[in-house]
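Summary of structural features
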Amino acid sequence: GQNIDQPTEMTATEGAIVQINCTYQTSGFNGLFWYQQHAGEAPTFLSYNVLDGLEEKGRFSSFLSRSKGYSYLLLKELQMKDSASYLCAVRTMNTGFQKLVFGTGTRLLVSP
Amino acid sequence: ETGVTQSPTHLIKTRGQQVTLRCSSQSGHNTVSWYQQALGQGPQFIFQYYREEENGRGNFPPRFSGLQFPNYSSELNVNALELDDSALYLCASSNKDSSGSTEAFFGQGTRLTVV
């Protein structure tokens, strides 16, 4: 089956660094995505990893280890606007089509 | 702005009724996927349409059906609505034929409430 685990909720302080972990067990792995979702809104793309290693994009970085089924999203210099849910999603490729399998999301609360 | 638009943005229906949700894909995209997101959960894959045909389906009953039109826009139809169908319905477009394609672009979603 497909299983993606991430913490339900995390808290951090403005200006700090936070790491959100994601572990997965899926078949047909074809890349891992991180999305940000504010309450009541659609997910917005943050990062994509298909090979092992670190991808850096401004204040956001994402890491992937395919052998360990593990990824993390690193957010630096936290701002109040970073309070949102962060979704880890694995793109799977099976029987000719690709789909995203999402975790339940990590709700991040940034306090002053 | 992703270029993917969904309508309506909010909808209230009564249990047992039928509903149609619409999605216009981003220009140049030929694949539309639909997801259901219940409150506090991650999105769940419903099905995908590619070149007007269902290309893959998740674990949803047959009362969830869809269409894709020649311009690649899509509809999601749900018959015999149940209370548990209350959720945010998300449409994502991508280009299945592009080897360089990575991310799927999501629309703003339709919030469906079944009472």
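Everything discussed here concerns the structure shown above.
Since the structure is predicted, the reported quantities are computational estimates derived from the model, not experimental observations.

1. What about the overall build of chain A?
- If you tally the helices and strands in chain A, you get zero helices and eleven strands.
- From first element to last, N terminus to C terminus, chain A shows the α and β order β-β-β-β-β-β-β-β-β-β-β.
- Relative to the globule expectation of 13 Å for 112 residues, the C-alpha radius of gyration of chain A, 14 Å, shows essentially globular dimensions.
- With the C-alpha coordinates of chain A rotated into their principal frame, the extents come out at 50 × 30 × 20 Å.
- Within chain A, the proportion of its 112 residues that are buried is 46%.
- Within chain A, contacts between residues at least 6 apart in sequence are counted, and of these 55% link residues at least 24 apart.
- Entry remark: accessible area of chain A is about 5300 Å², with carbon and sulfur atoms responsible for 50%.
- Charge separation in chain A, taken as the distance between the mean sites of 9 positive and 9 negative side-chain charges, equals 6 Å.

2. Observations regarding unusual backbone geometry
- With an omega of -10°, the peptide bond between B:Ser7 and B:Pro8 qualifies as cis.
- Considering the arrangement of structural elements, one finds B:Pro8 in the loop between strand 1 (5-7) and strand 2 (10-13).
- For A:Glu77, which is not glycine, the phi dihedral falls at a positive 45°.
- Structurally, A:Glu77 can be placed in the loop between strand 8 (70-75) and strand 9 (84-94).
- The backbone of B:Glu52 shows a phi angle near 75°, a positive value even though the residue is not glycine.
- Looking at the secondary structure, you find B:Glu52 in the loop between strand 5 (44-50) and strand 6 (53-57).

3. Brief notes about the environment of A:Gln36
Residue and element names in this part refer to chain A.
- Tracing the backbone through its elements, the reader meets Gln36 in strand 4 (residues 29-37).
- In sequence terms Gln36 and Cys22 are 14 residues apart; their C-alpha atoms lie 14 Å from each other.
- Leave out the neighbours within four places in its chain, and Gln36 touches Ala42, Pro43, Thr44, Leu46, Lys81, Asp82, Ala84, Ser85 and Tyr86.
- Within the structure, Gln36 has its side chain in polar contact with the side chain of Tyr86 (distance 3.0 Å).

4. Some points on the interface of chain A and chain B
- Contact residues are listed per partner, giving 19 residues for chain A and 22 residues for chain B.
- Roughly 1500 Å² of surface becomes buried between chain A and chain B when both sides are summed, with 57% attributable to carbon and sulfur atoms.
- Applying the counting criterion to the chain A and chain B interface returns zero salt bridges.
- In this assembly, chain A and chain B are joined by three residue pairs in polar contact (both at pLDDT 80 or more).
- Counting only elements with at least two residues in the side of chain A that touches chain B, the list comes to strand 4, strand 5 (44-49), strand 9 and strand 10 (97-102) of chain A.
- Per element, the largest residue contribution to the side of chain A that touches chain B is five residues, and it comes from strand 10 of chain A.
- Residue classes in the side of chain A that touches chain B are distributed as ten nonpolar, six polar and three charged.

5. Things to note about the environment of B:Asp84
Residue and element names in this part refer to chain B.
- Turning to its location among the elements, Asp84 is positioned in the loop between strand 8 (74-78) and strand 9 (87-94).
- For Asp84, a relative accessible area of 69% translates into the label exposed.
- Separated by 46 residues in the primary sequence, Asp84 and Ala38 place their C-alpha atoms 8.5 Å from one another.

Parameters and conventions
- Residues numbered from 1 in each chain as written.
- Chains lettered and ligands numbered in written order.
- Predicted model: local features only at pLDDT ≥ 70, side-chain atom pairs only at ≥ 80, totals over all residues.
- Heavy atoms only, no water.
- Helix = DSSP H or I, 4+ residues; strand = E, 2+ residues; numbered from the N terminus.
- Rg over C-alpha atoms; globule rule 2.2 N^0.38 Å.
- Buried < 20%, exposed > 50% of the residue type's maximum accessible area, 1.4 Å probe, protein only.
- Contact = heavy atoms within 4.5 Å.
- Areas by Shrake-Rupley, 256 points an atom, 1.4 Å probe, with all protein chains shown as cover.
- Lys, Arg positive; Asp, Glu negative; His and termini not counted.
- Charge placed at Lys NZ, Arg CZ, Asp CG, Glu CD.
- Polar contact = N/O pair within 3.5 Å; in protein donor to acceptor, adjacent residues only side chain to side chain.
- Buried area = accessible area lost by both parts, 1.4 Å probe.
- Salt bridge = Lys/Arg side-chain N within 4 Å of Asp/Glu carboxyl O.
- Nonpolar A, V, L, I, M, F, W, Y, C, P; charged D, E, K, R; others polar.

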